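Spelled out from the first residue to the last, the chains are:
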Amino acid sequence: YLKEMEPPLSAPHGIEISDITCDSFRVSWDILPYDIHRITHYFIDLNKKGGQKENKFKHRDVPTKLVAKAVALPMMVRGHWFLSPRTEYTLAVQTAIKRSDGEYTVSGWSETLSFCTGDYAMEQVRQLQVKAEGIAGRMLPLQVFYRNQTPEYFQYVREKWGSVMLPSLKDQSGSHGSPISGTLHGVFF
């Protein structure tokens, strides 16, 4: 009966996001002293900014809401959502008490914060380079090249470049936040 009389959990407030990288961040917030020992879980709702439309290609097993056991704050968030570099996200948190029946008693949601993930670190770029170099020697001979371009592109190549496809600057397509976008010249097949 005493449990029924306990005050509800207060919504998390004073949220701070720190140590943002291309695929991780730390989050912390203020918890009232009375709640600290009652909380058993955190709910973290993370979404790409702009809503569901931008998440349509999200992996089907990747949740937008993570249920995590309560740990000391700040809490490191990584790997759960396959965070993309240089991408804006919104984040809100909720605290919870897991009851004996397996359900949760939850606080209200915190305010929603926005933040942007960072760019690839040089160490990550080097790891990608090592992987690319490792696979380069094992590729099968190519029988056919297919250039994904418009008929106008090929007409231009024939008329202006003497039927030679000249290298051009890598555009922003492909992996969002790729360090070669806008810096590497090449021909994409």
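None of these values were measured; they are calculated from a predicted model.

Asks: What's the story with the overall build of the protein in this structure? I'm lost.
Replies: Each helix and strand in the protein was counted, giving 4 helices and 10 strands. Listing every helix and strand of the protein by position from the N terminus yields α-β-β-α-β-β-β-β-β-β-α-α-β-β. Looking at the 189 residues of the protein, the share that counts as buried comes to 26%. In the protein, of all internal contacts separated by at least 6 residues, the share reaching a separation of at least 24 is 63%. Surface summary for the protein: the accessible area is close to 13300 Å², and the carbon and sulfur share equals 57%.

Asks: What is the right way to look at the environment of Leu32 in this model?
Replies: Take Leu32: it is sitting in the loop between strand 2 (24-30) and helix 2 (33-36). On a C-alpha basis, the gap between Leu32 and Pro12 in space is 8.7 Å, while along the polypeptide they are 20 residues apart. Excluding residues within four positions of it along the chain, Leu32 makes contact with Ser10 and His13.

Asks: What is the right way to look at unusual backbone geometry in this model?
Replies: One can expect most non-glycine residues to show negative phi and most peptide bonds to be in trans. Cis geometry is found at the peptide bond from Leu73 to Pro74, where omega equals 5°. Position of Pro74 among the secondary structure elements: in the loop between strand 4 (65-69) and strand 5 (75-78). The backbone of Arg86 sits at a positive phi, close to 45°, despite the residue not being glycine. Mapped onto the elements of the fold, Arg86 is located in the loop between strand 5 and strand 6 (88-98). A relative accessible area of 37% places Arg86 in the partly exposed class. Of note in the backbone geometry, Ser163 takes a positive phi value of approximately 65° without being a glycine. Relative to the elements of secondary structure, Ser163 occurs in the loop between helix 4 (151-160) and strand 9 (168-169). On the basis of relative accessible area, Ser163 is assigned to the exposed category, the value being 51%.

Asks: Sorry if this is basic, but what is going on with the confidence of the model for the protein here?
Replies: One rule of thumb: low pLDDT means the predicted coordinates there are not for detailed reading. Across the protein, pLDDT averages 81, with 85% of residues at or above 70. The secondary structure element of the protein with the lowest average pLDDT is helix 1 (residues 2-5), at 58, and the one with the highest is strand 1 (residues 13-18), at 93. Confidence over residues 52-63 falls short of pLDDT 50; this stretch has 15 contacts with residues more than four positions distant or in other chains.

Asks: How should I be thinking about the environment of Ser114 in this particular structure?
Replies: Positionally, Ser114 belongs in strand 8 (residues 113-116). Separated by 22 residues in sequence, Ser114 and Ala92 place their C-alpha atoms 9.1 Å apart. Ignoring sequence-local partners within four residues, the contact set of Ser114 consists of Lys49, Tyr89 and Thr90. Among the polar contacts listed, one links the side chain of Ser114 to the side chain of Lys49, at a separation of 3.3 Å.

Parameters and conventions
- In every chain, residue numbers begin from 1 and rise along the written sequence.
- With pLDDT at 70 or above as the cut-off, local features in this predicted model cover only qualifying residues; side-chain atom pairs require 80 or more to be listed or tallied, and sums for whole chains, interfaces and linings still use all residues.
- Hydrogens and water are ignored here; the side-chain numbers use all heavy atoms of the structure.
- Numbering of helices and strands runs from the N terminus, with a helix taken as a DSSP run of H or I at least four residues long and a strand as a DSSP run of E at least two residues long.
- Each residue is assigned to one of three classes by its accessible area relative to the maximum for its type, calculated with a 1.4 Å probe on protein chains only: buried under 20%, partly exposed between the two thresholds, exposed over 50%.
- Here, residues are in contact when the closest pair of their heavy atoms is within 4.5 Å.
- Only the protein chains shown count as cover for residues, and all accessible areas are computed by the Shrake-Rupley method using a 1.4 Å probe.
- A score from 0 to 100, pLDDT tells how confident the predictor is in each residue.
- Pairs of N or O atoms are called polar contacts if they sit within 3.5 Å, as long as, within protein, a hydrogen donor faces a hydrogen acceptor (for residues adjacent in sequence, only side-chain-to-side-chain pairs).

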